[in-house]
Amino acid sequence: MKHIRFTTRLAIVFTFLCGLSSFAHAQGAGIEWDILNQETMELLRTGKYARAVVVAKQALQVAEQNVGPDHPDVATSLNNLAGLYKTQGDYARAEPLYKRALAIREKALGPDHPHVATSLENLAALYRATKRSAEAEALEQRAARIRAIKR
């Protein structure tokens, strides 16, 4: 009897997840992408950076396959991966990812979107870490102007 209940519950959960997957896919990169991002954040939280990079790369690949290379979800994945590299001091790998995320968000969301401000702030933090204060300040000022816009 317990086995039947478990099987029934499992079928319900599976059906629910399949429904969510198609809905999420229509809305964005999909449930697999969401799960990979959650796993990346948990690995980061627990200090498992090497594994987090592997999972973040998988999330980026899933996003690119599901929504194409110029979607805001791809920018999110790029920011996550860049943040992991930055945390590890690998600034050379982080910078082009932050720049690509910024370009995607500007094109997809417009130059004054709050997510563009986030990308600007991320890149500015990298510039600060690499002693590029003038470049960081310019990005921070632009981000502040975006944040000041009433929505």
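Residues numbered from 1 in each chain as written. Predicted model: local features only at pLDDT ≥ 70, side-chain atom pairs only at ≥ 80, totals over all residues. Heavy atoms only, no water.

Concerning the packing of helix α4 (residues 72–87) against helix α5 (residues 91–109)
One way to put it is that α4 packs onto α5 with a least axis distance of 8 Å and a crossing angle of 160°. Regarding the angle of α4 to α5, the classification is roughly antiparallel. Along this stretch, α4 crosses α5, giving a crossing that reads as left-handed. Here α4 contributes P72, V74, A75, T76, L78, N79, L81, A82, G83, Y85 and K86 to the contact with α5, which in turn contributes Y91, R93, A94, L97, Y98, R100, A101, I104, R105, A108 and L109. When its residues are assigned to classes, the contact of α4 with α5 shows 15 nonpolar, three polar and four charged. (Axes fitted to C-alpha atoms, helices over the stretch in contact; angles between N-to-C directions. Helix = DSSP H or I, 4+ residues; strand = E, 2+ residues; numbered from the N terminus. Parallel < 35°, antiparallel > 145°, perpendicular 65-115°, else oblique. Left-handed = near helix turned anticlockwise from the far one by under 90°. Contact = heavy atoms within 4.5 Å. Nonpolar A, V, L, I, M, F, W, Y, C, P; charged D, E, K, R; others polar.)

A few points about the pattern of salt bridges
This structure, assessed with the given rule, holds ten salt bridges. Where R51 meets E39, a salt bridge forms, and the shortest distance between an N and an O atom there is 3.7 Å. With R51 in helix α3 (residues 49–67) and E39 in helix α2 (residues 31–45), this pair connects stretches of sequence that are twelve residues apart. Note on R51: relative accessible area 40%, which makes it partly exposed. A salt bridge links E42 to R45; its shortest N-O distance comes to 2.6 Å. Of this pair, E42 and R45 both sit in helix α2, three residues apart, roughly one helical turn. Take E42: its relative accessible area is 39%, and that puts it in the partly exposed class. Here R45 falls in the exposed class, since its relative accessible area comes to 62%. By sharing partners, the salt bridges in this structure join E95, K99, R132 and E135 into a single network. (Salt bridge = Lys/Arg side-chain N within 4 Å of Asp/Glu carboxyl O. Buried < 20%, exposed > 50% of the residue type's maximum accessible area, 1.4 Å probe, protein only.)

What to know about α2
With 15 residues, α2 should cover 21 Å at 1.5 Å per step; its first-to-last C-alpha distance of 21 Å lies within 8% of that length. Taken together, the buried positions of α2 are occupied by I31, W33, L36, N37, T40 and L43. Just downstream of α2, G47 is the residue with a positive phi angle, here 80°. (Expected span 1.5 Å × (residues − 1).)

Digging into the nonpolar core
Core analysis: the largest hydrophobic core is formed by 36 residues, its most contacted members being L78, L81, L120 and L123. Every element with two or more residues in this core is listed here: α2, α3, α4, α5, α6 (114–129) and α7 (133–148). Looking at this core, the element that brings in the most residues is α3, giving eight residues. Those residues within four positions of L120 in sequence are excluded, and the remaining contacts are L102, L139, R142, A143 and I146. (Core = buried A, V, L, I, M, F, W, Y, C linked by side-chain atoms within 4.5 Å.)

Description of the side chain of D73
Relative to the elements of secondary structure, D73 occurs in helix α4. R105 provides the closest opposite charge to the buried, unpaired D73, separated from it by 7.6 Å. When neighbours within four sequence positions are excluded, D73 is seen to be in contact with G28, A29, W33, A63 and V67. (Lys, Arg positive; Asp, Glu negative; His and termini not counted.)

Digging into the packing of α2 against α4
Interhelical geometry of α2 versus α4 gives an angle of 15° and a closest axis separation of 12 Å. On the basis of the axis angle, α2 is roughly parallel to α4. Along this stretch, α2 crosses α4, giving a crossing that reads as left-handed. Contact residues: α2 offers W33, N37, T40, M41 and L44, while α4 offers D73, T76, S77, N80 and L84.

A short note on the environment of A129
Along the chain, A129 turns up in helix α6. When its relative accessible area of 31% is taken as the criterion, A129 is described as partly exposed. Along the chain, A129 and G89 lie 40 residues apart, while their C-alpha atoms are 8.9 Å from each other.

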